[in-house]
Amino acid sequence: MQRQMPKTFFIRTYGCQMNELDTEIMVGQLTQKGLKQVFDEKQADMMLFNTCSIRDLAERKVMGKIGQISRRTKNRPIIGVTGCMAMAKKETLFRKLPHVDFVLGTNNITDLSNVLDEVIHLGQKSIRTTDQFEENLDYLVAKRGDKIKAHVSIIRGCDKFCTYCVVPYTRGQEVSRPLEDIKEEVRMLADQGYKEITLLGQNVNSYGKDQPEWKTLFHDLLYHLDAIDGIERIRFLTSHPIDITEELMHAIATLPSLCEFVHFPIQAGSSRVLKKMHRIYTKEQYFEKVELLKKIVPNVSLGTDIIVGFPTETEEEFCETLDVFKQIRYSVAFLYTYSPRKGTPAMRWKDDISDEVKNDRLHRLMDLHSSIAAEHRQKLLNTSIEVLVERQNKDGYLCGRTRCWKKVIFKGPASLIGTLQNVHLHSCNHETLVGGLHLSN
Ligand code: SAH
Ligand code: SF4
Ligand code: F3S
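Residues numbered from 1 in each chain as written. Chains lettered and ligands numbered in written order. Predicted model: local features only at pLDDT ≥ 70, side-chain atom pairs only at ≥ 80, totals over all residues. Heavy atoms only, no water.

**Some words on empty space enclosed by the protein**
Right, so step 1: The full count for this structure, using the stated rule, is one cavity of 30 Å³ or more.
Right, so step 2: Empty space within the largest cavity amounts to approximately 50 Å³.
Right, so step 3: Residue lining of the largest cavity: Met18, Leu21, Asp22, Ser153, Ile155, Arg156, Gly157, Arg171, Leu200 and Gln202, and that is the complete set.
Right, so step 4: In terms of residue count, helix 1 (residues 17-32) provides more of the lining of the largest cavity than any other element does, three residues in total.
Right, so step 5: Here the lining of the largest cavity gathers at least three residues from each of two domains, domain 1 (8-128) and domain 2 (139-379). (1 Å grid on protein atoms, 1.4 Å probe; cavity = no way out; pocket = protein on both sides within 12 Å on 5 of 7 lines; lining within 4 Å. Points joined across faces, edges and corners; volume = space filled by probe spheres on them. Helix = DSSP H or I, 4+ residues; strand = E, 2+ residues; numbered from the N terminus. Domains from an automatic or database assignment.)

Set out below in structure tokens:
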């Protein structure tokens, strides 16, 4: 069927920060092509779904949503599926969702415009799902929603092959981005007034290992980026514990813009489960790294991801996870129940922990996390802390985050947006700290 070039598009993003950045790049590409982004889906001539496959629920949400649009008999938009589900399901998406016009994998974002042309001019369905990423993506075209904080990709893909995880299959092998390209983008962001950057990769600490001739590893990159004027804060996501090096710890301790927060996902507290997950460290090795990090960066805060109910996890092994959490006192935690993923090694094992037990473990862990987070907040009361002011809420309060990722609100003029302020914390409102401008400001 011949179709008309869309004038407007709507894009919905699922999944992680890497998908959010890919969305910003696609929005930039489509805007350059003359299309207008709309935020009301009814006004869209084209709808894109930048999808996630990490857990079953993530996939079901997208399938449900596309199914709903497909049932429209009048003014059905062009429908494109991008992101990790495009890679996990490939052509089968056309069978499952017959109204999908194109499927574009995570390594083919550069082809978006061509794929759209094929759909329009040739009147046929189009698919590109290359397994391996080639560094040909124009990151500078990204149209960012935020004016203060930006995501910057430094490495794509993952070579770790944790047994439960689809990412190595949906994003391909690790490919580091050249140092000069990253520096150019960060300089551009600094010139545009951005104050905080988050370096992105499935495993940022692997940076440069795939390109030994560059002789630039992750910590080297940090020294280069810290030297760029204007960027007040640098964060990074995510780190595989095995690749967190002593050099990186020293970089965090030394470089002024590097935030003292490390997302350091343990995934499980039992060495037997970690082995089955192919996380390639034991609980003891993990603790050794945390101890060293705390020694080198005494004021560091830690974050984690944890999966409960991995095949064969016993109650005792789950209690080890609770125990680790109590000892390390993570300030940020993303907690999940295990979801079997097609094509991953863990599919070999029976998903033998019932939903009831998985949910019970999840809730016990969430309760522990909430009580520890509340203690962390309590400790901060009656102290002053640096906040990067990001926006003004509808109720007039300014809102921002501390270097360690705590959310803070306080009263002040909108002119402070984009500045660092010293805020005296006096109370908390759920998970948000409430304060006032410090008098010495
Ligand atoms: N590269 C990052 C994580 C990316 S996925 C890292 O290794 O830390 C984000 C999180 O989703 C993972 O850390 C893990 O906790 C969770 N996750 C991945 N696969 C999962 C699965 N099959 N079931 C449940 N949670 C999963
Ligand atoms: Fe998935 Fe493991 Fe790679 Fe993280 S390190 S993306 S959990 S395979
Ligand atoms: Fe999901 Fe893909 Fe990210 S599976 S979590 S969108 S890398």
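Next comes the rest of the write-up.
**What about helix 13 (residues 355-380)?**
Three- or four-residue spacings in an α-helix give side chains the same orientation, since the helix completes a turn every 3.6 residues.
Right, so step 1: Taking 1.5 Å of rise per residue, 26 residues should cover 38 Å, and helix 13 covers 37 Å from first to last C-alpha, within 8% of that figure.
Right, so step 2: Within helix 13, burial applies to Lys358, Arg361, Leu362, Leu365, Leu368, His369, Ile372, Ala373, Arg377 and Leu380.
Right, so step 3: Where helix 13 ends, the next residue or the one after it, Asn382, has phi of about 65°, a positive value. (Expected span 1.5 Å × (residues − 1). Buried < 20%, exposed > 50% of the residue type's maximum accessible area, 1.4 Å probe, protein only.)

**Focus: unusual backbone geometry**
Excluding glycine, residues mostly carry a negative phi; peptide bonds, for their part, are mostly trans.
Right, so step 1: In this structure, the amide linkage connecting Leu237 to the following residue, Thr238, adopts the cis form with an omega of -10°.
Right, so step 2: Among the secondary structure elements, Thr238 is positioned in the loop between strand 11 (233-237) and helix 9 (246-254).
Right, so step 3: Even without being a glycine, Lys90 presents a positive backbone phi close to 45°.
Right, so step 4: You can call Lys90 partly exposed: its relative accessible area is 23%.
Right, so step 5: Positive phi is not limited to glycine here, since His278 has a value of about 60°.
Right, so step 6: Structurally, the position occupied by His278 is in the loop between helix 10 (271-277) and helix 11 (283-296).

**Quick notes on the domain arrangement of the chain**
Right, so step 1: Annotation of the chain at the domain level lists domain 1 (8-128), domain 2 (139-379) and domain 3 (381-437).
Right, so step 2: Each of domain 1 and domain 3 was reduced to a C-alpha centroid, and the two centroids are 37 Å apart.

**Brief notes about the side chain of Ser126**
Right, so step 1: Structurally, the position occupied by Ser126 is in strand 6 (residues 126-128).
Right, so step 2: For Ser126, a relative accessible area of 2% gives the class buried.
Right, so step 3: A distance of 2.7 Å separates polar atoms of two side chains, one belonging to Ser126 and the other to Glu118.
Right, so step 4: When near neighbours in sequence (up to four residues on either side) are disregarded, Ser126 contacts Phe94, Asp101, Phe102, Val103, Val115, Glu118 and Val119. (Polar contact = N/O pair within 3.5 Å; in protein donor to acceptor, adjacent residues only side chain to side chain. Contact = heavy atoms within 4.5 Å.)

**What about the packing of aromatic side chains?**
Right, so step 1: Under the criterion given, the structure shown has nine aromatic pairs.
Right, so step 2: With a centroid separation of 5.8 Å and 35° between ring planes, the pair formed by Tyr281 and Tyr286 is classed as tilted. Residues Tyr281 and Tyr286 agree in their burial class; the two are buried.
Right, so step 3: Taking 5.2 Å as the distance between ring centres and 75° as the angle between the ring planes, the aromatic pair formed by Phe310 and Tyr338 counts as edge-to-face. Of this pair, Phe310 sits in the loop between strand 13 (301-308) and helix 12 (315-328) while Tyr338 sits in the loop between strand 14 (332-337) and helix 13, and the two are 28 residues apart along the sequence. With respect to class, Phe310 is no different from Tyr338; both count as buried.
Right, so step 4: Connected via pairs of aromatic rings, a cluster forms that spans Tyr164, Phe310, Tyr338 and Trp349. (Phe/Tyr/Trp six-rings, centres within 6.5 Å; stacked < 30°, edge-to-face > 60°.)

**A look at the pairing of strand 13**
Right, so step 1: Most of strand 13 sits out of view: eight of its eight residues are buried.
Right, so step 2: Alternating positions in strand 13 separate into two faces, Ser301, Gly303, Asp305 and Ile307 on one and Leu302, Thr304, Ile306 and Val308 on the other, with burial throughout.
Right, so step 3: Of the strand pairs in this sheet, strand 12 (residues 261-263) and strand 13 are connected by three bridges, and their pairing is parallel. If you follow Val262 over to strand 13, its bridge partner there is Leu302.
Right, so step 4: Relative to strand 14, strand 13 is paired through six bridges, and the arrangement is parallel. Within the sheet, the bridge partner assigned to Val308 lies in strand 14 and is Thr337.
Right, so step 5: In the classification by handedness, the crossover that spans strand 13, the intervening helix 12 and the parallel strand 14 is right-handed. (Pairing = 2+ DSSP bridges. Right-handed = clockwise from strand over helix to strand, strands pointing away.)

**Brief notes about the sheet that holds strand 14**
Right, so step 1: Taking strand neighbours across the sheet as the criterion, the three strands line up as 12-13-14 in an open arrangement whose pairing is parallel. This sheet does not close on itself; its edge strands, each paired only once, are strand 12 and strand 14. Taking each pair of neighbouring strands and ignoring which way they run, the sheet shows an average axis angle of 10°.
Right, so step 2: Strands in contact with helix 12 are strand 13 and strand 14; relative to strand 13, the strand with the most contacts, it is inclined by about 170°.
Right, so step 3: Sheet strands in contact with helix 13 are strand 13 and strand 14, and its direction is about 170° off that of strand 14. (Axes fitted to C-alpha atoms, helices over the stretch in contact; angles between N-to-C directions.)

**Comments concerning the site of ligand 2**
Right, so step 1: In the vicinity of ligand 2, the contacting residues are Cys158, Lys160, Phe161, Cys162, Tyr164, Cys165, Val167, Pro168, Gln202, His240 and Arg279.
Right, so step 2: Tallied by class, the residues present in the shell around ligand 2 amount to seven nonpolar, two polar and two charged. (Near = heavy atom within 4 Å. Nonpolar A, V, L, I, M, F, W, Y, C, P; charged D, E, K, R; others polar.)

**Some details on the site of ligand 1**
Right, so step 1: Taken together, 15 residues form the shell around ligand 1, and within it Tyr164, Gln202, Gln267, Asp305 and Ser339 come nearest.
Right, so step 2: One of the backbone N or O atoms of Gln202 is found 2.7 Å from a nitrogen atom in ligand 1.
Right, so step 3: Here Ser339 contributes a backbone N or O atom positioned 2.8 Å from a nitrogen atom of ligand 1.
Right, so step 4: Coverage of ligand 1 by the protein amounts to 90% of the 540 Å² it exposes when considered alone.
Right, so step 5: Put simply, the parts of the chain that give the shell around ligand 1 at least two residues each are strand 13 and strand 14.
Right, so step 6: Considering only residue class, the shell around ligand 1 consists of six nonpolar, five polar and four charged. (Areas by Shrake-Rupley, 256 points an atom, 1.4 Å probe, with all protein chains shown as cover.)

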